[in-house]
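Given next are the chains, with one letter for each unit.
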Amino acid sequence: MGYELSRSQMDEIFSKLSSHYDVYAPVLKKGEGTFSDIDVIRYDRVHSLDEIEWEKRSDYSFKEVLFPVNETLFYFTEDETTVPKAPEKGRIIFLRSCDIHAVKRLDQIYLKNGFEDFYYARIREKTLFFLMGCPGDCDGGFCASMGTNTTNDYDMYIKLAGDKVYTDIKNPQFTQCFDKFNKADVAPDFVSENKEKVTLPTNLPKDVIDNPIWKDYGSRCITCGRCNFACPTCTCFSMQDIFYKDNENAGERRRVWASCQVDGYTDIAGGHNFRDDKGSRMRFKVMHKIYDFEKRFGYSMCVGCGRCDTICPEYISYKNIVNRLADEYNKKEGK
């Protein structure tokens, strides 16, 4: 159901929503990037539409709203453990189409992967998604190649056009907020084609593990993990036990984001490491995104947002790796 209303009317509705939900959206943070004169766009809590960055894709994804960078799982003493309370308010997250598809990947891992993650589930069940349209092709994105450039999976679509606002309501609980406004035919703005295009390799042979491409790109990697942290579908974490100074028998257990590109991530008991060189880590990341995940769940893990390419300090292009694999192996298959 579509509606047309004025900006002031939408501001009033947004203010009411903010009193019932914690609202998160991409925000331009001036001077908070890598250097003091570099801006960065990342998700933060907002209280008005003016705070939202509508035109550009965020440098970092929304996933820290659903899956915090640093999350306390429980507090412990000598005698007992206590699980932190869940957030009281529900959450609204503004997402573009590719990131809404990324939510499906997170749900697959944390809710449908043979178990249900308690901490993720209690936030996820109280979270709603507002779609942001894509006014044009974003820098480095290739969502059209991945089939994630369009979606119907949202609770509300919001479009700002001067002093007018257009909405498309999917979730009936919001309909009553707009019933008094003029109905309109509203369709989300989606990108139909990207400048960047990616072709996925098919039927990769076992000897792909020995392809020199992994060493080529791995030699440039500095194992900072930024690609994993910016990616909306990477889900790995490590555990930390924090002991308090005033009582060494009390503390808290936290899970913290981890990166498969960082040295030591695959260390196991006995000092063994399954991927002790950067090339093998690069291979694992790429193959998991475009091959292993799909073999297991039926669709690719990558959603084509392009953040990994734009955030890499060594300009390693994930897109180029995938396209090189496709060029080499798809030709062998006669495709």
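Above this text sits the structure in question.
Note that the structure is predicted; figures quoted are calculated from it, not measured.

**Looking at the overall build of the protein**
Inference 1: Of the regular secondary structure elements, the protein holds 10 helices and 12 strands.
Inference 2: Going through the 335 residues of the protein one by one, you find that 50% of them count as buried.
Inference 3: Long-range pairs, those at least 24 residues apart, make up 74% of the contacts in the protein between residues at least 6 apart in sequence.
Inference 4: Surface accessibility of the protein: about 17,200 Å² in total, with carbon and sulfur atoms responsible for 48%.
Inference 5: In the protein, the 48 positive side-chain charges and the 53 negative ones have mean positions that sit 3 Å from each other.

**Here's the deal with the pairing of strand β9 (residues 164-169)**
Two faces belong to every sheet, and in a regular strand the side chains alternate between them.
Inference 1: Bridge count for strand β1 (residues 2-6) against β9 is five bridges, and the pairing is antiparallel. Across the sheet, S6 pairs through a bridge with K164, a residue of β9.
Inference 2: Judged from the six bridges that link them, strand β8 (residues 156-161) and β9 form a sheet pairing that is antiparallel. What sits directly across from L160, in β9, is V165.
Inference 3: From the end of β8 to the start of β9, which pair antiparallel, there are two residues, and G162 there has a positive phi angle of about 65°.

**Observations concerning helix α3 (residues 97-111)**
Inference 1: Its 15 residues give α3 an end-to-end C-alpha distance of 21 Å, which sits within 8% of 21 Å, the value for a rise of 1.5 Å per residue.
Inference 2: Across the 15 residues of α3, 13 count as buried, placing the element largely inside the fold.

**Some thoughts on the environment of K104**
Inference 1: Looking at the element boundaries, K104 is found in helix α3.
Inference 2: Given a relative accessible area of 45%, K104 falls into the partly exposed group.
Inference 3: In sequence terms K104 and T233 are 129 residues apart; their C-alpha atoms lie 9.0 Å from each other.

**Points about unusual backbone geometry**
Inference 1: One non-glycine residue, T223, adopts positive backbone phi at about 50°.
Inference 2: Mapped onto the elements of the fold, T223 is located in the loop between α6 (213-218) and α7 (226-230).
Inference 3: With a phi close to 55°, Y315 is a non-glycine residue in the positive phi region.
Inference 4: Taking relative accessible area as the criterion, Y315 reaches 69% and is therefore assigned exposed.

**Some points on the sheet that holds strand β12 (residues 247-257)**
Inference 1: An order of β5-β4-β12-β11 is seen for the four strands of this open sheet, with the pairing classed as antiparallel. The open sheet has two free edges, formed respectively by β5 (81-82) and β11 (237-244), since each of these has just one partner strand.
Inference 2: Relative to β12, strand β4 (residues 70-76) runs antiparallel, the two being bridged by six bridges. Directly across from N70, in β12, lies its bridge partner V256.

**Observations concerning the nonpolar core**
Inference 1: Formed by 30 residues in total, the largest nonpolar core has its most connected members in Y43, F62, L66, I93, L95, F129 and F293.
Inference 2: Elements represented by at least two residues in this core include exactly α2 (63-66), β6 (90-95), α3, α4 (118-124), β7 (127-132) and α8 (278-297).
Inference 3: Per element, the largest residue contribution to this core is seven residues, and it comes from α3.

**Quick notes on the environment of F14**
Inference 1: Tracing the backbone through its elements, the reader meets F14 in helix α1 (residues 7-20).
Inference 2: It is 13 Å that separates the C-alpha atoms of F14 and K159, two residues lying 145 residues apart in sequence.
Inference 3: In this structure F14 touches V23, V46, H47, S48, L49 and F94, once residues within four positions along its chain are discounted.

**Quick notes on the pairing of β1**
Inference 1: Most of β1 sits out of view: four of its five residues are buried.
Inference 2: Summarising the sheet, β1 and strand β10 (residues 182-183) pair through two bridges and their orientation is antiparallel. Bridged to E4 within β10 is N182.

**Regarding the sheet that holds β1**
The pairing of strands in a sheet happens through backbone hydrogen bonds and is either parallel or antiparallel.
Inference 1: Strand order in this open sheet of eight strands is β3-β2-β6-β7-β8-β9-β1-β10, and the pairing throughout is mixed. Two strands close off the open sheet at either side, each with one partner strand: β3 (40-45) and β10.
Inference 2: Packed onto the sheet, α1 meets β1, β2 (21-29), β6, β7, β8 and β9 and runs at close to 105° relative to β1.
Inference 3: Contacts from α3 reach β3, β6 and β7 within the one sheet, and its direction differs from that of β6 by about 130°.

**Examining the environment of D179**
Inference 1: One can find D179 in the loop between β9 and β10.
Inference 2: In sequence terms D179 and M1 are 178 residues apart; their C-alpha atoms lie 9.9 Å from each other.
Inference 3: At 3.3 Å, the side chain of D179 and the side chain of Y3 are in polar contact.

**Remarks on the pattern of salt bridges**
Inference 1: Taken as a whole and judged by the stated rule, the model has 19 salt bridges.
Inference 2: Among the charged side chains, a salt-bridge network with shared partners connects R7, D11 and D50.

**Comments concerning the side chain of Q261**
Inference 1: Within the fold, Q261 resides in the loop between β12 and α8.
Inference 2: Since its relative accessible area comes to 1%, Q261 is described here as buried.
Inference 3: At a separation of 2.9 Å, a polar atom in the side chain of Q261 contacts the main-chain carbonyl oxygen of R281.
Inference 4: Not counting chain neighbours up to four residues away, the residues in contact with Q261 comprise T223, C227, N228, R281, M282 and K285.

The rules behind these values
Residues numbered from 1 in each chain as written. Predicted model: local features only at pLDDT ≥ 70, side-chain atom pairs only at ≥ 80, totals over all residues. Heavy atoms only, no water. Helix = DSSP H or I, 4+ residues; strand = E, 2+ residues; numbered from the N terminus. Buried < 20%, exposed > 50% of the residue type's maximum accessible area, 1.4 Å probe, protein only. Contact = heavy atoms within 4.5 Å. Areas by Shrake-Rupley, 256 points an atom, 1.4 Å probe, with all protein chains shown as cover. Lys, Arg positive; Asp, Glu negative; His and termini not counted. Charge placed at Lys NZ, Arg CZ, Asp CG, Glu CD. Pairing = 2+ DSSP bridges. Expected span 1.5 Å × (residues − 1). Core = buried A, V, L, I, M, F, W, Y, C linked by side-chain atoms within 4.5 Å. Axes fitted to C-alpha atoms, helices over the stretch in contact; angles between N-to-C directions. Polar contact = N/O pair within 3.5 Å; in protein donor to acceptor, adjacent residues only side chain to side chain. Salt bridge = Lys/Arg side-chain N within 4 Å of Asp/Glu carboxyl O.

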